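# Summary of the model geometry
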Amino acid sequence: MLLSRYLPPFTYYNLILIILFFLSVSSIESFSIINSISYVFLHFLIIYLGIYYYRRSLYSIYFLYGLGFDILLINQIGPHLFIFMTLLFFINLSKKYFIYLSSLRIYLLILFILLLIILLEMLLTNFFFDYDFNLDKYLIFIFISIISSYPIFFIFSKIDKLQ
Amino acid sequence: MFYRKKIRHLTKAKNLGKLYITVLFILTFLLILFNKADYIVVKKIKSLSTDVLNPVSTFVTSPVKVATYTVNKINEMRFLQQDNLKLKEEVKRLKKWHTLAIKNQRENNALKKLLNSTTNNIAIIKTTTITSQSPDIYAKSIFIKAGVNHGVLEDLVVINERGLIGKVISSSENNSRVLLINDQNSSVPVTTMSKKFNAIIKGTTDGKYLTSTFVKDEKKPKIGDVLLTSGNARIFPSDILVGKVIKITEDGFLALPYVDFNNLEFVQVINIK
């Protein structure tokens, strides 16, 4: 790619994050599934960046996205912000163990973390802000995650090679 | 000496990084705490982010919106002839109703004059458009293009030609956020046409229906009953269309809202006179 000489993969990931964020928080009539797809993709990217592109600036990036999600999706502050910040903290703590894992195991681990954090976000929203746990929605998220995980990682691996 | 050592220790890159992360974590917990306490700073952050993020969101999502709009238009073109025939029939039917409506309007005005009645209990603050709508992942809300500068304040009521839409929950200078009545945290006191039945309703988990949270004297409405705002507690003005009862359950009832929340375009912000 022409721009690969100038921009590192981390910048591309940030551009993707911005687009996914706005697609997740703004409803598009007659194509509402795009919100759920973007929401899941963004969570994938959040975990992926935490594992492979860990740096201190990620804390402020996660802080802003967590705050943005909370305000625009729930109009309260808490679940996303707390989960994103805690996630990065735990990824940083357990990063040293990831190097011993095979690529398949890391793939499954990311998928597991994704489903876990979405579940925790929904449970926290239910617990603190009285929004019932929407099982149908969660099943849609699981379905999207499983279907899209392989193509997403394929795209991510291509972006990684840009450097 | 001690302070100088401490400053040197803090200014080391590694320690600065640790300090920065700690500050962010403290900020996170403070924000969560202030949000629960409904502190003014959080309200400011919310309204500021609404003002900043809304235009960016509109800009970023516009290509997708244009693409879906084009696809829908192409799909509609396929059924143009059928739609045309349907519309012609509807125009004929509506013309009859129009004549009848004018007659009824005159009769209504004459009767109102005779009774010296002042039934209009609402004051229109602003008619405006919707800038964006939140997806149905958590809260059901819309953003409207009117704010404090236009007289739109918190707790004002929002309606459209079909009925009640919701209530303003936060407003910045030029934008406001409206919590829809199909949200799980909304609470609307309703009554039926006969005014013998009172209840409070909120949105269901999927946001498609309205469900009762409280029914006065455990009375049951009938299927097909029209629900109007009761005007109790003076949160919403009375007699605004809300929904139609479609199912009676053991705990209460289920209603279908009159407003189509997926096709909102123009709304009116009103206040009780």
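What comes next is a walk through the structure. Computed from a predicted structure; not experimentally measured.

With that settled, the discussion passes to the pairing of strand β8 (residues 210-215) of chain B. All names here are of chain B. For strand β7 (residues 198-203) and β8, the ladder comprises five bridges, and the chain directions are antiparallel. By the bridge assignment for β8, K202 is matched with T211. Linkage of β7 to β8, two consecutive antiparallel strands, is achieved through a turn of six residues, within which G207 is found at a positive phi near 80°. Strand direction decides the pairing type here: β8 and strand β11 (residues 253-257), joined by two bridges, are antiparallel.

Another point: the interface of chain B and chain A. On the chain A side, the residues contacting the 46 residues of chain B number 47 residues. Summing both sides of the interface, chain B and chain A together bury roughly 4,200 Å²; the carbon and sulfur share of this comes to 67%. Scanning the region where chain B abuts chain A turns up one salt bridge. Ionic pairing is found between K137(A) and D136(B), a salt bridge with its closest N-O pair at 3.3 Å.

Further remarks concern the nonpolar core. I47(A), L49(A) and Y62(A) are the most contacted members of the largest nonpolar core, which has 71 residues in total. Among the elements of the structure, α1 (9-25), α2 (33-52), α3 (57-74), α4 (79-98), α5 (103-129) and α6 (135-160) of chain A together with α2 (13-36) and α3 (40-78) of chain B are those that each provide at least two residues to this core. No other element matches the twelve residues that α3(A) contributes to this core. Formed jointly, this core draws a minimum of three residues from each of two domains, domain 1 (2-36) and domain 3 (121-273) of chain B. Contacts of L49(A), omitting those with residues within four sequence positions, involve F10(A), Y13(A), L17(A), Y54(A), L58(A) and Y62(A). Formed by 35 residues, the second largest nonpolar core is a distinct cluster that contains I130(B), I181(B), V215(B) and V259(B).

Our next topic: the packing of α2(A) against α4(A). Residue and element names in this part refer to chain A. It is at 8 Å that the axes of α2 and α4 come closest, and there the two elements cross at 40°. Considered as vectors, α2 and α4 are oriented oblique to each other. Judged by the sense of rotation from one axis to the other, the crossing of α2 with α4 is right-handed. Where α2 approaches α4, its residues Y39, L42, H43, I46, I47, G50 and I51 are matched on the opposing element by H80, F84, L87, L88, I91, K95 and F98. Per-class residue counts for the contact of α2 with α4 are ten nonpolar, three polar and one charged.

Here the largest pocket defines a volume of roughly 800 Å³. Along the wall of the largest pocket there are 32 residues; nearest its centre are N75(A), K43(B), E154(B), I169(B) and S170(B). By residue number, the principal contributor to the lining of the largest pocket is strand β4 (residues 163-171) of chain B, which donates six residues. In terms of residue class, the lining of the largest pocket is made up of 14 nonpolar, ten polar and eight charged.

Turning our attention to the packing of aromatic side chains. For the coordinates displayed, the defined rule picks out 28 aromatic pairs over all chains. Centre to centre, the rings of F44(A) and F153(A) are 5.4 Å apart; their planes meet at 85°, and the pair counts as edge-to-face. Of this pair, F44(A) sits in helix α2 while F153(A) is found in helix α6, placing the two residues 109 residues apart along the sequence. This pair shows no difference in class: F44(A) is buried, exactly as F153(A) is. With a centroid separation of 5.7 Å and 70° between ring planes, the pair formed by F89(A) and F25(B) is classed as edge-to-face. One end of the pair, F89(A), is in helix α4; the other, F25(B), is in helix α2, on a second chain. A network of ring pairs unites the aromatic residues F10(A), Y13(A), F44(A), Y48(A), Y52(A), Y53(A), Y107(A), Y150(A), F153(A) and F156(A) as a single cluster. The positively charged end of R55(A) is found above the aromatic ring belonging to F10(A), 3.9 Å away from the centroid.

Take the sheet that holds strand β10 (residues 241-248) of chain B next. All names here are of chain B. One closed barrel accounts for six strands, arranged β6-β7-β8-β11-β10-β9; its pairing is antiparallel. Neighbouring strand axes in the sheet, compared pairwise and without regard to direction, differ in orientation by 45° on average. In this structure, strand β6 (residues 188-192) lies alongside strand β9 (residues 226-229), joined through three bridges in antiparallel fashion. Note on β9: the bridge partner recorded for V190 is T229.

About the cut-offs
- Residues numbered from 1 in each chain as written.
- Chains lettered and ligands numbered in written order.
- Predicted model: local features only at pLDDT ≥ 70, side-chain atom pairs only at ≥ 80, totals over all residues.
- Heavy atoms only, no water.
- Pairing = 2+ DSSP bridges.
- Helix = DSSP H or I, 4+ residues; strand = E, 2+ residues; numbered from the N terminus.
- Contact = heavy atoms within 4.5 Å.
- Buried area = accessible area lost by both parts, 1.4 Å probe.
- Salt bridge = Lys/Arg side-chain N within 4 Å of Asp/Glu carboxyl O.
- Core = buried A, V, L, I, M, F, W, Y, C linked by side-chain atoms within 4.5 Å.
- Buried < 20%, exposed > 50% of the residue type's maximum accessible area, 1.4 Å probe, protein only.
- Domains from an automatic or database assignment.
- Axes fitted to C-alpha atoms, helices over the stretch in contact; angles between N-to-C directions.
- Parallel < 35°, antiparallel > 145°, perpendicular 65-115°, else oblique.
- Left-handed = near helix turned anticlockwise from the far one by under 90°.
- Nonpolar A, V, L, I, M, F, W, Y, C, P; charged D, E, K, R; others polar.
- 1 Å grid on protein atoms, 1.4 Å probe; cavity = no way out; pocket = protein on both sides within 12 Å on 5 of 7 lines; lining within 4 Å.
- Points joined across faces, edges and corners; volume = space filled by probe spheres on them.
- Phe/Tyr/Trp six-rings, centres within 6.5 Å; stacked < 30°, edge-to-face > 60°.
- Lys NZ or Arg CZ within 6 Å of the ring centre and 35° of its normal.

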